Amino acid sequence: MMTAIEHAIDQSQHSNLLSRAMNFQAFWVLIAALLACLTLSLVTDTFATERNLFNVARNFAFVAVIAVGMTTVIASGGIDLSVGSTVVLTAMVISVMMYNGNPFWISAIAALSASLLVGFINGVLIAYVGMPPFVVTLGMLSAARSAAMVLSDNKMIWEFGPDHDLLLAIGGGSIFGVPNPLYVLLVLAIVMTVVFKWTRWGQHIFAVGGNEQAAVMTGIPVNRLKVSVYMFSAFTAGIAGILMAGWLGSVTTNLGQAMELTVIAAAVIGGANLAGGEGTPLGAVVGALLIEVIRNSLILLGISSFWQGMFIGCFIIIAVGFDRLRKLKSTD
Amino acid sequence: MSRLRVAGISKNFGAIRALEGVSFEVEPGQVLGLMGDNGAGKSTLVKIVAGNYRPSSGDLFVDGAKVDYHKPIDAQREGVEVVYQDLALCDNLSAASNVFLGREPRKNFAGFKIIDYAQMRKRSAELFAQLKSETRPCDLVRKMSGGQRQAVAISRTLLANAKIVMMDEPTAAISVRQVSEVLDLIKRLRDQGLSIILISHRMPDVFAVADNIAVLRRGRLVANKPANQSSPEEVTGLITGAIQAA
Ligand SMILES: Nc1ncnc2c1ncn2[C@@H]1O[C@H](COP(=O)(O)OP(=O)(O)OP(=O)(O)O)[C@@H](O)[C@H]1O
Ligand SMILES: [Mg+2]
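Residues numbered from 1 in each chain as written. Chains lettered and ligands numbered in written order. Predicted model: local features only at pLDDT ≥ 70, side-chain atom pairs only at ≥ 80, totals over all residues. Heavy atoms only, no water.

Engineer: When you look at the overall build of chain B in this model, what are you seeing that I'm missing?
Structural biologist: When helices and strands are counted, chain B shows eight helices and twelve strands. Against the compact-globule benchmark of 18 Å for 246 residues, chain B has a radius of gyration of 19 Å, which places it among compact chains. Seen along its three principal axes, the alpha-carbon backbone of chain B occupies a region of about 65 × 40 × 35 Å. Taken over 246 residues, chain B has a buried fraction of 54%. A fraction of 63% describes how many contacts in chain B between residues 6 or more apart in sequence connect residues 24 or more apart. (Helix = DSSP H or I, 4+ residues; strand = E, 2+ residues; numbered from the N terminus. Rg over C-alpha atoms; globule rule 2.2 N^0.38 Å. Buried < 20%, exposed > 50% of the residue type's maximum accessible area, 1.4 Å probe, protein only. Contact = heavy atoms within 4.5 Å.)

This is the structure:
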């Protein structure tokens, strides 16, 4: 018979489990980001301006949206290096179609379909052919960008046909002073937090990332699950691609270059475990926020932006180091 | 009528004869200790009964009815479950999530089907209590002892209403205290009328729980007799071949 107290302990342990979801790492990263914000608003008078905060909020949303997708892939034990190229491919598909006079919605659906196709190819090669995710998505990184170049003849596109203003408004506009991409991120992060915890799909992703063989033996459709995970990752890249096209007002074939690194960094800094089985949407968002705040601070403090890569690189290594430390402690 | 009857099972892997005409029976509420040297064919036998491999020849009967399965899921439908020592648990999930992995109960919430964690906790707490195990449903498997892990794995089979549970080396690589925990689990399953096939290299463990002891040597069954009519010395002789058959 379980006493009320035992039950309460059980419950609290369960909510612990829920917040293990946003385990310590995400929490500390958030603190770090907030501290950085605080320091910046004290030492500069440019940080806490409405305009700058707006820019920070918008810029980080693009990375964070894809980082939520990346976290899903990483939680399942994989990796997706092709997201930066998927961004440019979707941006190119929507801009070429709109340039040729198609309405926004049709072009957007075509663009998202292109991104889903990229994810589908990735997923099938990884799940059914059994190729390593690193190799498959590295190949796709090259192939998808090349497809974008072919599609656009490597030209810049800045005229988007009859729905030109709509595209720019969706990607670059704001509602109640909050940039639109941030709303998209908010919805995505909340929905995925619920999905991770409360749906079979979400739980099975963590099962596959935790112990793929066990997942197979319990009859989870692991291959189908993996395909869906890569499709979801590509889908988030597609969303970001469309929003970025509208924000920039022009699309060139180097859009999203090296973005996969920032995105992976955001996910890992936010607590996604590259060995699989761990990661939260909230962590991905917080990780992306920290990266953007650092990038912004370098600019505001007049430090060469060439240092940015150094910071991100160090943060990835520190984040993984923290993870090691925690593992060592918990096995003691 | 026996719960499981293995009748003249042979299995070839190319030129390798892993099993040759193996026959035995297990009754409900009985523990069969299956022993043999490395490569004797124990795991192959388990995999055939569990539906991972099809036999090259011979038949399987569950509750007197001939079964012929092609996939592990077919065997599971007949009530045959396998407990693996480390393979089948996800360290990063809770005990309850592991017990229900792949068959999570769901409830309706605002038109969506969401996982019913309350039911999972309740049911797995019941199963752990049934096994008299100190396992808590919400603990992460990562933090559990070998015995608790075994309880989680066994609870999976209870949940599935298994009739036959096969355990391949459940006591390998766990501490002495945990071994007795696992042996207790096996006795509780037996008391509930399940048939258990226990594979182990550890003589004391097998003699502690097994009603019958079967010995495989190079794919042939060289003994199958009540444990109380045998001895560790005899079984050792049978395994090595010092004693031809018993
Ligand atoms: N899939 C396979 N393909 C080819 N040969 C196999 C296969 N599985 C097992 N064998 C062979 O069949 C024989 C019996 O192997 P099995 O794994 O059943 O032995 P075991 O009794 O479980 O040994 P251990 O105590 O080492 O676990 C061995 O000679 C092995 O090499
Ligand atoms: Mg074996």
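Engineer: Is there a simple way to think about the interface of chain B and chain A in this case?
Structural biologist: Accessible area lost when the parts come together is the quantity often used to give the size of an interface. Taken together, the 30 residues of chain B in the interface contact 26 residues of chain A. Here chain B and chain A share two salt bridges between them. Salt-bridge contacts for R200 of chain A lead to E104 of chain B; the nearest nitrogen and oxygen are separated by 3.6 Å. Linking chain B with chain A are nine residue pairs in polar contact (both at pLDDT 80 or more), by the criterion used here. Breaking the side of chain B that touches chain A down by element, the ones donating at least two residues are β8 (112-115) and α4 (117-130) of chain B. When the residues that make up the side of chain B that touches chain A are grouped by side-chain class, the tally is 14 nonpolar, five polar and eleven charged. (Salt bridge = Lys/Arg side-chain N within 4 Å of Asp/Glu carboxyl O. Polar contact = N/O pair within 3.5 Å; in protein donor to acceptor, adjacent residues only side chain to side chain. Nonpolar A, V, L, I, M, F, W, Y, C, P; charged D, E, K, R; others polar.)

Engineer: Before we go on, may I ask you to explain the site of ligand 1 in this structure?
Structural biologist: Residues and elements named next belong to chain B. Around ligand 1, the surrounding shell holds 13 residues, and the nearest of these are N38, G39, K42, S43 and T44. Contact distances for ligand 1 include 2.5 Å between an oxygen atom and a side-chain N or O atom of T44. Against a free-state accessible area of 630 Å², the protein chains account for coverage of 62% of ligand 1. When contributions to the shell around ligand 1 are tallied by element, the ones reaching two or more residues are β2 (16-26) and α1 (42-49). (Near = heavy atom within 4 Å. Areas by Shrake-Rupley, 256 points an atom, 1.4 Å probe, with all protein chains shown as cover.)

Engineer: Honestly, the packing of helix α12 (residues 259-269) of chain A against helix α13 (residues 281-300) of chain A in this entry has me stumped. Any pointers?
Structural biologist: The description of two packed helices rests on the angle between their axes and on the distance between the axes. Residues and elements named next belong to chain A. Relative orientation of the contacting elements α12 and α13 amounts to 120°, with a least axis distance of 7 Å. Classed by the angle they form, the pair α12 and α13 counts as oblique. Crossing of α12 over α13 shows right-handed handedness. Residue-level inspection shows T262, A265, A266, A267 and I269 of α12 in contact with α13, the latter providing G283, A284, G287, A288, L290 and I291. In terms of residue class, the contact of α12 with α13 is built from eight nonpolar, three polar and no charged. (Axes fitted to C-alpha atoms, helices over the stretch in contact; angles between N-to-C directions. Parallel < 35°, antiparallel > 145°, perpendicular 65-115°, else oblique. Left-handed = near helix turned anticlockwise from the far one by under 90°.)

Engineer: Even after reading the chapter, I still don't get the pattern of salt bridges, so can you show me in this structure?
Structural biologist: For side chains bearing opposite charge, pairing can occur when the charged atoms are close. Residues and elements named next belong to chain B. Here the structure, examined in full by the defined rule, presents 19 salt bridges over all chains. Measuring nitrogen to oxygen at the nearest pair gives 2.9 Å for the salt bridge that ties K163 to D63. In this pair, K163 is assigned in the loop between α5 (146-159) and β9 (164-168) and D63 in the loop between β4 (57-62) and β5 (65-67), connecting sequence segments 100 residues apart. On the basis of relative accessible area, K163 is assigned to the partly exposed category, the value being 26%. When its relative accessible area of 26% is taken as the criterion, D63 is described as partly exposed. Notably, a salt bridge pairs R123 with E126, separated by 3.2 Å at the nearest N-O pair. In this pair, R123 and E126 both sit in helix α4, three residues apart, roughly one turn of the helix. R123 sits in the partly exposed class, given a relative accessible area of 29%. Here E126 falls in the partly exposed class, since its relative accessible area comes to 38%.

Engineer: Help me out: how do you make sense of the environment of V293 of chain A in this one?
Structural biologist: Residues and elements named next belong to chain A. Positionally, V293 belongs in helix α13. Sequence separation of V293 and C37 is 256 residues, and the distance between their C-alpha atoms is 7.0 Å. Apart from residues lying up to four places away in sequence, V293 is in contact with A33, A36, C37 and L40.

Engineer: Explain the pairing of β8 of chain B here, please?
Structural biologist: On a regular strand, each side chain points to the face opposite its neighbour's, so the side chains alternate between the two faces of the sheet. All names here are of chain B. Inspection of the sheet shows strand β7 (residues 106-109) paired to β8 by four bridges, in the antiparallel sense. If you follow N108 over to β8, its bridge partner there is K113. Hairpin connection between β7 and β8: a loop of two residues separates the two successive antiparallel strands, and A110 in this loop has a positive phi of roughly 50°. (Pairing = 2+ DSSP bridges.)

Engineer: Quick question: what am I supposed to make of the state of the cysteines here?
Structural biologist: The bond known as a disulfide is covalent and runs between the sulfur atoms of two cysteines. Applying the stated criterion to the full structure yields zero disulfides over all chains. C37 of chain A takes part in no disulfide bond, and the closest cysteine sulfur to it belongs to C314 of chain A, at a distance of 20 Å. (Disulfide = S-S within 2.5 Å.)

Engineer: Looking at this structure, I do not really get the sheet that holds strand β6 (residues 80-84) of chain B. What am I missing?
Structural biologist: Two modes of strand pairing occur in sheets, parallel and antiparallel, and in both the strands are linked by backbone hydrogen bonds. Residue and element names in this part refer to chain B. Strand order across the open sheet formed by six strands is β6-β9-β10-β3-β11-β12, with mixed pairing between neighbours. The two strands at the open ends of the sheet, each matched to only one other strand, are β6 and β12 (220-226). For this sheet, the mean inter-axis angle between neighbouring strands, taken without regard to orientation, is 20°. Direction of pairing for strand β3 (residues 31-36) relative to strand β10 (residues 195-199): parallel, over a ladder of four bridges. What sits directly across from L32, in β10, is I197. On top of the sheet, α5 reaches β6 and β9; it is set at about 170° to β6, its chief contact. The sheet contacts of helix α6 (residues 176-191) involve β3, β9 and β10, and relative to β10 the element is tilted by about 155°.

Engineer: I would appreciate a short explanation of the confidence of the model for chain A in the present structure.
Structural biologist: Low-pLDDT portions of the prediction should not be read for the details of their coordinates. Scored by pLDDT, chain A comes out at a mean of 88, with 91% of its residues at no less than 70. Here residues 1-13 of chain A is modelled with pLDDT under 50, and outside its nearest four sequence neighbours on either side it reaches twelve contacts, counting other chains as well. (pLDDT = per-residue confidence, 0-100.)

Engineer: Would you explain α1 of chain B in this entry?
Structural biologist: Because each turn of an α-helix spans 3.6 residues, side chains separated by three or four positions end up pointing in the same direction. Residues and elements named next belong to chain B. Of all the eight residues making up α1, six are buried; the element is thus mostly covered by neighbouring parts of the structure. Buried within α1 are the following residues: K42, T44, L45, V46, I48 and V49. Immediately beyond the C-terminal end of α1, within one or two residues, lies G51, with a positive phi of roughly 85°.

Engineer: Could you clarify how one ought to interpret the nonpolar core in this entry?
Structural biologist: Counting residues in hydrophobic clusters, the biggest one holds 93 residues, and the most contacted among them are I66, I94, L185, I242 and M259 of chain A. If we ignore the near neighbours within four places in the chain, the residues touching L185 of chain A are F60, A61, A64, V65, V68 and V285 of chain A. If you look at the next biggest cluster of nonpolar residues, it comprises 46 residues, including I115, V179, I213 and L238 of chain B. (Core = buried A, V, L, I, M, F, W, Y, C linked by side-chain atoms within 4.5 Å.)

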